[in-house]
Number of protein chains: 4
Amino acid sequence: MRTLTVVLSALALAGPAWAQSPPSLAGRWSIAVDRFGTPTYDEVFLAQDGDKVTGGLFGQIMTGVLANGTLRLQGKDPKRPASGEAKVSGDRMSGTLTVSDGFGGEPTTFAFTASRAPTAPAGPPKRHEFKPTVFHRQFSAMNAPVLTIAPGDTIHTTTVDAGGSDETGKPRVLGGNPQTGPFYVQGALPGDTLAIHIVRLKLNRDWAISDDAIVPRGVDLDLALKGKGASKPVRWRLDREKGLAMLETPGDHTGAYVVPVRPMLGCIATAPQPAGGAPPSGDSGSYGGNMDFNEIVEGATVYLPVSVPGALLYFGDGHALQGDGEINGNALETSLDVEVRVELIPGKRVPGPRVENETHIMGMGLAGSIDDAYRAANGNLAAWLERDYQLTPSEIAEVLGTAVEYRISEVADRNAGVVAKIAKARLATLGKASKPPEKAAAK
Amino acid sequence: MRTLTVVLSALALAGPAWAQSPPSLAGRWSIAVDRFGTPTYDEVFLAQDGDKVTGGLFGQIMTGVLANGTLRLQGKDPKRPASGEAKVSGDRMSGTLTVSDGFGGEPTTFAFTASRAPTAPAGPPKRHEFKPTVFHRQFSAMNAPVLTIAPGDTIHTTTVDAGGSDETGKPRVLGGNPQTGPFYVQGALPGDTLAIHIVRLKLNRDWAISDDAIVPRGVDLDLALKGKGASKPVRWRLDREKGLAMLETPGDHTGAYVVPVRPMLGCIATAPQPAGGAPPSGDSGSYGGNMDFNEIVEGATVYLPVSVPGALLYFGDGHALQGDGEINGNALETSLDVEVRVELIPGKRVPGPRVENETHIMGMGLAGSIDDAYRAANGNLAAWLERDYQLTPSEIAEVLGTAVEYRISEVADRNAGVVAKIAKARLATLGKASKPPEKAAAK
Amino acid sequence: MRTLTVVLSALALAGPAWAQSPPSLAGRWSIAVDRFGTPTYDEVFLAQDGDKVTGGLFGQIMTGVLANGTLRLQGKDPKRPASGEAKVSGDRMSGTLTVSDGFGGEPTTFAFTASRAPTAPAGPPKRHEFKPTVFHRQFSAMNAPVLTIAPGDTIHTTTVDAGGSDETGKPRVLGGNPQTGPFYVQGALPGDTLAIHIVRLKLNRDWAISDDAIVPRGVDLDLALKGKGASKPVRWRLDREKGLAMLETPGDHTGAYVVPVRPMLGCIATAPQPAGGAPPSGDSGSYGGNMDFNEIVEGATVYLPVSVPGALLYFGDGHALQGDGEINGNALETSLDVEVRVELIPGKRVPGPRVENETHIMGMGLAGSIDDAYRAANGNLAAWLERDYQLTPSEIAEVLGTAVEYRISEVADRNAGVVAKIAKARLATLGKASKPPEKAAAK
Amino acid sequence: MRTLTVVLSALALAGPAWAQSPPSLAGRWSIAVDRFGTPTYDEVFLAQDGDKVTGGLFGQIMTGVLANGTLRLQGKDPKRPASGEAKVSGDRMSGTLTVSDGFGGEPTTFAFTASRAPTAPAGPPKRHEFKPTVFHRQFSAMNAPVLTIAPGDTIHTTTVDAGGSDETGKPRVLGGNPQTGPFYVQGALPGDTLAIHIVRLKLNRDWAISDDAIVPRGVDLDLALKGKGASKPVRWRLDREKGLAMLETPGDHTGAYVVPVRPMLGCIATAPQPAGGAPPSGDSGSYGGNMDFNEIVEGATVYLPVSVPGALLYFGDGHALQGDGEINGNALETSLDVEVRVELIPGKRVPGPRVENETHIMGMGLAGSIDDAYRAANGNLAAWLERDYQLTPSEIAEVLGTAVEYRISEVADRNAGVVAKIAKARLATLGKASKPPEKAAAK
């Protein structure tokens, strides 16, 4: 069977009818269902008219009656009988849901808990100084948060290098892009988007490790034979004052070769649903992850979908600099001093990672081939134009056809990455979004 | 950084020199190193001359002296200083290894344990009746074995369907190819190969679930538009007596459509090294996994690499039958009655999953595109011809060029699969292997 | 700009209205338009009511009046003014068409000729003995036919090998798959399908040439490095009596290696429209061409679209035998004795090459990657099931999902090839087509 | 058989020994061999010692004696007997070559002519005003040159749009990227490189045609379904004074959408060897062709390999502007006023098209998938660094790993295109090439 995707509900309710009496349960809830030991998370929108409550659950509309603190629900799809019962207590409820798959199997009863979607916390944003002591090698929803923050808060912390060594060169964890985090963002729910502003990325040591070969995805037969498949580690010196990198032991023709540093985060991710497993920190997907995109630098904003309550933000795998694609398998791997400000865009789903900077908006595609990643990048950017600029398919084709730019962002890992970009100067003439689109939506 | 692959040692020792005095530590050992909490496993070959012991560890040769039950080791690579010390007690040792990466970082000290590679257990093979009560959704090295068997033993058990329902239709676990297992195979070590003979696959209920659309990887623009992206579940009736499947609710033109059942295992895997994470049961790789290859049927033998002690064998995701590639995303998903005999081929590494039946040997390639999977399948089958038939690259090209057959085995999942096959009738004229190659090697 | 595809008309007319008086121009016509020196061909369906004539031309409906042997036409699309005038003489007409592209450019006047689609010629099928003296290296519509045949006729001839040498070993033409043909099939028009039955393929010499390396598309990094990019010619001996091939100068392990011959045509093609250029005989496309599919053997029927009047059938590039994909770049290249029977299926368009044999129907996909070829193969076979078995998209998905088989048929050339097959035993239960589908349609 | 590549000779001679007496035939010659009616071209280097002449021909070393104006040659490879005889007259010779393929076929005799490679013509460069009257739809070596120029000369001319219409909107030729040219460059020989400096590209009318859909290669399933496969022509207005383009009939959200023009050549090509056929003007390859790369603008230099005497330069398919990849199939197609200066780099072979501008050098990869084009682009740029900067494979990996930039340049045509770029600012620190590399080499 193909990989399971657990979908609890994707039914929005048009429900404006419950305006008469002040609804007590109406609104957005966060729900966690225990499916044979695996929690699955989703948002649910409840409507209420008197004591009658309606919501989309398990892919169907359920309606119920709230009486004496107990909500009894019944599904409306005759082919897939479903029912539920929950004790309601203020902004929380807990109970069971019994559902049938409609294909002859027995119905199953699951326990669930739900809580009302929180409103934005009061008070001014905070700045958190965080010194990591544990590093994770999976973008897992099951790792305990290392810190809880509110939307708008800033985190100042550090990351170890991809091999697990910190700013002093001390190995702290087994290599493979160990991550700082996860950070729990209060109020973040499945269906939201996290906007991570990269406030500062600063080198905190004066060397980096890389390799001197090109990954298999990048070599044609001629290059493969020239390179003979060999790869050895190479050490680079980082001149932090001048902002330059140079080989510690150059070859005959690279003695004077210097390249400006441009620190970037190779990995940044939210935790995906636990039902799909816990991707290793070398992998990537709609949750972000090991994207190795060299525009994730100081000043950029990364947008990632929220799949679990609190979002669970991870980042790591700092690179002093990197050409497109991370073609050596390792970029200039180093530890970093990191400062990010995290904002929440409630109720907006993004189909995959997006990046925005001063000049461009960018949609990323991640897939098993560059060809497939290319198609996904177009889909991601087109969805952006459709939602935030209300463009029709024809208009999207015309705008992209005249203004899109493509980058191959990642070739070193299991997923290849392609980025489809469009200049804000072009978008400005579309008239609908004088403000940067996501930021506008975030208010 | 690209995904980490932890390599402890891949150094074979030519060591015939230790023939004089009976070696006490010489031979093959299984080693487990604790790397910041993550165990990594490997085989190590020790040679011994008097009290001098030599072996390949951490990618370099280490030599040492055994005195008073303590083995003290020193690495031979001046660029990467390494040393170790272990208490030896019979066929076990435990101690520490201190290594430097040679790139300026601090050296690190890891605890390790090792045990001598076991010899084949005495006694006749057993037949185990196993009734599963727990089902796993990751091919994890960290799941506790449900049963320990010896090489040569047979397991008779059942699998739930991909959605988690058993032969009675009762949901037992969250869907997504839940697996029966893992089974611990005594004596299996990293560097070995597991040969799983599919003795019997029998339907144990009279229905299956599938879908009525073609997965995105399989549709060109014309098919995509015709199919409109819709997919709905479809229920098939399984006539176990006649061995036929037919739609429970056929369309206008499929009322008489019948297709013979051919039960197969969609998933069969050994656990990969824990350092790489725990792949979800919808994924595949060199460890096997969710390959959905419709030749993994009764009578076939599957070869999988052993990466952790005990191999940790998983299987599940039974299909009543399936066309090539599992193009509906779901095949005819059903529960199965399964009987397998498990053998061990010590000291043989296979680069990826292989299958053998009465007529063919088959090498599988699994990758993010069909093009890449195709290349990997050729590499797998070519390595088979090189090792077991001693063919040169030119001879391999000539034999494959005249006799290879290709199947696209999987398009439904993250990895596409391609199988490169060659008929045993062709191999028979190569003269070197009158017996089936892997079986011969297994003696 | 992307490659031009010239489409003259694709408008079918529903026209049942002209039943009263016996129409003189009504019916199917073959039209040739001279577009600045390049002929473009198409079929046109004319309807007639009294002196009023209607037809689809240049992508729009044109109507006109026939008076005194002159037909004057006027287009119905106000955005793209079009008009025409032709002298009509029996079953032929010639004149001019003036069209505007509707985008501000000046209108253009083109000369055209048209002739009524011929009915099947009377008389029994003939057998033509044809001894080639000229060989073509492009599947060109502009090469003069070497022989004109009627549908149902049989051609008995020979082909030179891919290098241009004949059955005596004499070089006759520069290598690169030189073709025998083109054969002009009376009555074949754009919009028809040619069915070429391979009656006999017989070796006519006792040696073949091949190579001893694997093409770049077939090697992963490991195989590339082992093969070192080298390829040298290899000569095979063909034992015509026993039907076996063996290396003339075997390696150490291939001295006894023998493989049964299975003669096949590497190339078979109809000429594409001249507006698209003339593909070299190493290329392939919807017209067929250098497909190198090892099921194009004695007993098979190949279906190819007709794009120009007379179809212009080419074939060549005989292989004594070949593994899937022609992975050596050259198969066992040899000259052949060829006998084919050619039939015409009027009014049926096929999207690409198809093959049928005793047991299976097969749709081929040809594209720049195996992934794209795979999608095209599904599209081709799905269209077959849709047209000849009236299956809906859901039914197609269900039938293919349970019964499709995939072969990678070509990796040696610019286009990769994939074949999607389905057994006739499966189709038999669909009920609609007790006779082989294309043959039935051909009556 | 895979597509033929005719290789006459690739043997360079180390021959410094013939320094004593002034050689009369020694040096570089251009040779044309008639292979069954198809001319094949190559360069040959002859060495001479007294009356003894040596050269590489047909893949082997041939030696001979010059006596009485007749050169008699004998091959040195005993497996492939070869001989030749030619009348020599000043800087020209003509005769026959008899060669065997070494595989049992009969030897073949071919007529050939050769002429000494010309030295650079005297005199200052000229500027040619050229008004095209004929337009070609194939990059053919067999089209008669429309103009002969000397290296260093400038051509000022015009191109029609991709549909065949000129600056007045008048259709001049059947659409499909009709080309201006071919231009014959005196002294250009196979083995040379042509450097075409784009001096000026100027719009010469105020409208362009495009489409409003995205090509199949660019859409994922979601975009495919949204776009429904429809595409209709769209007309853009070009404000030549302000340098802006805008839709003539905008949609609801694109009324104010404007984008700066940036005129580019969609096609630029040299003719490939006639043995490989004549690619249609919608195709691309190592000869250049329909690359649709939006950096081929005023100020850029394009490098293309010379495959036939005179190079035969073609260009056309002007775009007023284009986003990356020409994703609409048509860019903003328009006629152009074109001025190019053509230089010759003798004795330098480039593996595929290259582009250079003020800031970057760029290697293009063209192949059937983006993945394969990506690999080819790396190979092209790596070969540039290897030859002009003498970098080793390790150094190439290090420089590209830290500085390469990737663009997806073409997705609309049969070949996808990827461009690998590196900034000259990075190359400057490599020290070896203070001047632009190709220009330096051209002196």
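Everything quoted here is computed from the prediction, not taken from an experiment.

Draft legend 1. Spatial organisation of the overall build of chain A. A count of helices and strands for chain A gives five helices and 27 strands. The C-alpha atoms of chain A give 24 Å as radius of gyration, which agrees with the globular expectation for 443 residues (22 Å, within 12%). In chain A, which comprises 443 residues, the share counted as buried stands at 63%. Considering only residue pairs separated by 6 or more positions, chain A has 68% of its internal contacts joining residues 24 or more positions apart.

Draft legend 2. Inspection of the interface of chain A and chain D at higher detail. Each side of the interface is counted separately: chain A has 65 residues, and chain D has 64 residues. Here chain A and chain D share an interface that buries about 5400 Å² over both sides, 58% of which is from carbon and sulfur atoms. Together, His253(A), Tyr257(A) and Thr402(A) form the three largest contributors to the area buried by chain A at its contact with chain D, with a combined 13%. For Lys226(D), the salt bridge identified is with Glu386(A), shortest N-O distance 2.7 Å. Along the contact surface separating chain A from chain D lie 33 residue pairs in polar contact (both at pLDDT 80 or more). For the side of chain A that touches chain D, the elements supplying multiple residues, two or more each, are helix H1 (221-227), strand S15 (233-239), strand S17 (259-260), helix H2 (370-389), helix H3 (393-403) and strand S26 (405-410) of chain A.

Draft legend 3. Fine view of the pattern of salt bridges. Applying the stated criterion across every chain yields a total of 104 salt bridges over all chains. In this structure, Arg349(B) engages Asp42(B) in a salt bridge whose closest nitrogen and oxygen atoms are separated by 3.6 Å. Residue Arg349(B) is found in the loop between strand S23 (336-345) and strand S24 (354-356), and its partner Asp42(B) is found in strand S2 (residues 38-49); the two are separated by 307 residues along the sequence. Among the ionic pairs, Asp222(C) bridges to Lys226(C), the shortest N-O distance being 3.1 Å. Taken together, the residues Asp222(C) and Lys226(C), both in helix H1 (residues 221-227) and four residues apart, mark about one turn of the helix. Overall, the relative accessible area of 40% leaves Asp222(C) in the partly exposed class. Here Lys226(C) falls in the partly exposed class, since its relative accessible area comes to 24%. Beyond isolated ion pairs, a larger network of salt bridges with shared partners links Arg28(A), Asp42(A), Glu43(A), Asp192(A) and Arg349(A).

Draft legend 4. Seen up close, the relation of the copies chain A and chain D. Of the transformation placing chain A onto chain D, the axial shift is 0.0 Å and the rotation is 180°, giving an RMSD of 0.0 Å. The operation mapping one copy onto its partner corresponds to a two-fold rotation axis. Looking at the rotation axis and the C-alpha trace of chain A, the residue lying nearest is Arg407(A), at 2.6 Å.

Draft legend 5. Spatial organisation of the sheet that holds strand S18 (residues 264-270) of chain A. Residues and elements named next belong to chain A. As summarised here, the arrangement of the six strands in space is S10-S12-S22-S18-S20-S19, forming an open sheet in which the pairing is mixed. For this open sheet the edge positions go to strand S10 (147-149) and strand S19 (284-285), each flanked by a neighbour on one side alone. As paired strands, S10 and strand S12 (residues 179-185) are joined by three bridges and run parallel to one another. Each residue of the ladder has a partner; that of Ile 149, found in S12, is Val 185.

Draft legend 6. Structural context of the relation of the copies chain B and chain C. For these two chains of identical sequence, chain B goes onto chain C by a turn of 180° and a shift of 0.0 Å along the axis, with RMSD 0.1 Å. A share of 100% of the interface residues of chain B reappears at the interface of chain C, consistent with the copies meeting face to face through the same patch.

Draft legend 7. Spotlight on the interface of chain B and chain C. Contacts between chain B and chain C engage 65 residues on the former and 65 residues on the latter. Carbon and sulfur atoms supply 58% of the area that chain B and chain C bury against each other, a total of about 5400 Å² over both sides. Applying the counting criterion to the chain B and chain C interface returns two salt bridges. Linking chain B with chain C are 33 residue pairs in polar contact (both at pLDDT 80 or more), by the criterion used here. Of the residues contributing to the side of chain B that touches chain C, the split by class is 32 nonpolar, 16 polar and 17 charged.

Draft legend 8. The nonpolar core, seen in detail. Core analysis: the largest hydrophobic core is formed by 165 residues, its most contacted members being Ile268(A) and Ile268(D). When residues no more than four places from it in sequence are discounted, the contact partners of Ile268(A) are Ile196(A), Ile198(A), Tyr287(A), Gly288(A), Gly289(A), Met291(A), Ile296(A), Val302(A), Leu304(A), Leu313(A), Tyr314(A) and Phe315(A). Listed in part, the 164 residues of the second largest apolar core include Phe183(B), Ile327(C), Val340(C) and Met364(C).

Draft legend 9. Seen up close, the packing of aromatic side chains. As enumerated under the stated definition, the model contains 32 aromatic pairs over all chains in all. When the centroid spacing of 5.4 Å and the interplanar angle of 80° are considered together, the rings of Phe130(D) and Phe183(D) count as edge-to-face. Of this pair, Phe130(D) sits in the loop between strand S9 (127-129) and strand S10 (147-149) while Phe183(D) sits in strand S12 (residues 179-185), and the two are 53 residues apart along the sequence. What makes Phe130(D) buried here is its relative accessible area of 14%. Taken together, a centroid distance of 4.8 Å and an interplanar angle of 75° make the contact between Tyr374(D) and Tyr406(D) edge-to-face. With Tyr374(D) in helix H2 (residues 370-389) and Tyr406(D) in strand S26 (residues 405-410), this residue pair connects regions lying 32 residues apart in the sequence. With a relative accessible area of 0%, Tyr374(D) lands in the buried category. Relative accessible area serves as the criterion here: at 0%, Tyr406(D) is assigned to the buried category. Members of the aromatic cluster, connected to one another through ring pairs, are Phe130(A), Phe183(A) and Phe315(A). It is Arg35(C) that lies over the ring of Phe110(C); its NZ or CZ is 5.2 Å from the centre. Between Arg205(C) and the ring centre of Trp207(C), over which it is positioned, the NZ or CZ distance is 3.6 Å.

Draft legend 10. Main features of H2(D). Residue and element names in this part refer to chain D. Here H2 spans 27 Å end to end across 20 residues, near enough to the 28 Å set by a 1.5 Å rise per residue. With 16 of 20 residues buried, H2 is to be regarded as a mostly interior element. Positive phi appears at Gln 390, one or two residues downstream of H2, with a value of about 55°.

Draft legend 11. View of unusual backbone geometry. The peptide bond linking Gly181(B) to Pro182(B) adopts the cis configuration, its omega dihedral lying at 5°. Its location among the elements puts Pro182(B) in strand S12 (residues 179-185). Unlike most non-glycine residues, Asn68(B) shows phi in positive territory, near 55°. Relative to the helices and strands, Asn68(B) resides in the loop between strand S4 (60-67) and strand S5 (70-75). We note that Leu312(C) has phi near 60°; this positive angle belongs to a residue other than glycine. With respect to the helices and strands, Leu312(C) occurs in the loop between strand S21 (301-305) and strand S22 (313-319).

Draft legend 12. Looking closely at the side chain of Asp283(D). Assignment of secondary structure puts Asp283(D) in the loop between strand S18 (264-270) and strand S19 (284-285). Not counting chain neighbours up to four residues away, the residues in contact with Asp283(D) comprise Arg414(C), Phe139(D), Gly288(D), Gly289(D), Asn290(D), Arg414(D) and Asn415(D).

The rules behind each value
Here, residues in each chain are numbered from 1, in the same order as that chain's written sequence. Lettering for chains starts from A, numbering for ligands starts from 1, and both go in the order in which the items are written. Totals for whole chains, interfaces and linings use all residues, but because this is a predicted model, local features are given only for residues with pLDDT of at least 70 and pairs of side-chain atoms are given and counted only at 80 or more. Computation of side-chain values: all heavy atoms of the structure, hydrogens and water removed. The way it works is that DSSP assigns letters per residue, a run of H or I at least four long becomes a helix, a run of E at least two long becomes a strand, and they are numbered from the N terminus. Here the globule rule reads 2.2 Å times residues to the power 0.38, and the radius of gyration is calculated from C-alpha atoms. We call a residue buried when its accessible area falls under 20% of the maximum for its residue type, exposed when it is over 50%, and partly exposed in between, using a 1.4 Å probe and counting protein chains only. Contact definition: two residues touch when any of their heavy atoms are within 4.5 Å. Accessible surface is computed with a 1.4 Å probe, and the buried area is the amount of it that two parts give up when combined, taken over both parts together. By convention in these notes, a salt bridge is any Lys or Arg side-chain nitrogen within 4 Å of a carboxyl oxygen on Asp or Glu. Two N or O atoms count as a polar contact when they lie within 3.5 Å, although within protein this holds only if one can serve as hydrogen donor and the other as acceptor, and sequence-adjacent residues are included solely when both atoms are side-chain atoms. A least-squares superposition brings the copies together, and it is based on the C-alpha atoms of residues with pLDDT no lower than 70 in both. Paired strands, in this sense, are two strands between which DSSP finds at least two bridges. Side-chain classes follow a simple rule in which Ala, Val, Leu, Ile, Met, Phe, Trp, Tyr, Cys and Pro form the nonpolar group, Asp, Glu, Lys and Arg form the charged group, and the remainder, Gly included, forms the polar group. Remark: nonpolar core denotes a set of buried residues (Ala, Val, Leu, Ile, Met, Phe, Trp, Tyr, Cys) joined through side-chain atoms within 4.5 Å. Ring pairs shown here join Phe, Tyr and Trp side chains whose ring centres sit within 6.5 Å, with only the six-membered ring taken for Trp; geometry is labelled stacked below 30 degrees between planes, edge-to-face above 60, and tilted in between. Geometrically, a lysine NZ or arginine CZ counts as sitting over a ring once it is within 6 Å of the ring centre and also within 35 degrees of the ring normal. Helices are assigned an expected span. That span is 1.5 Å times one less than the residue count.

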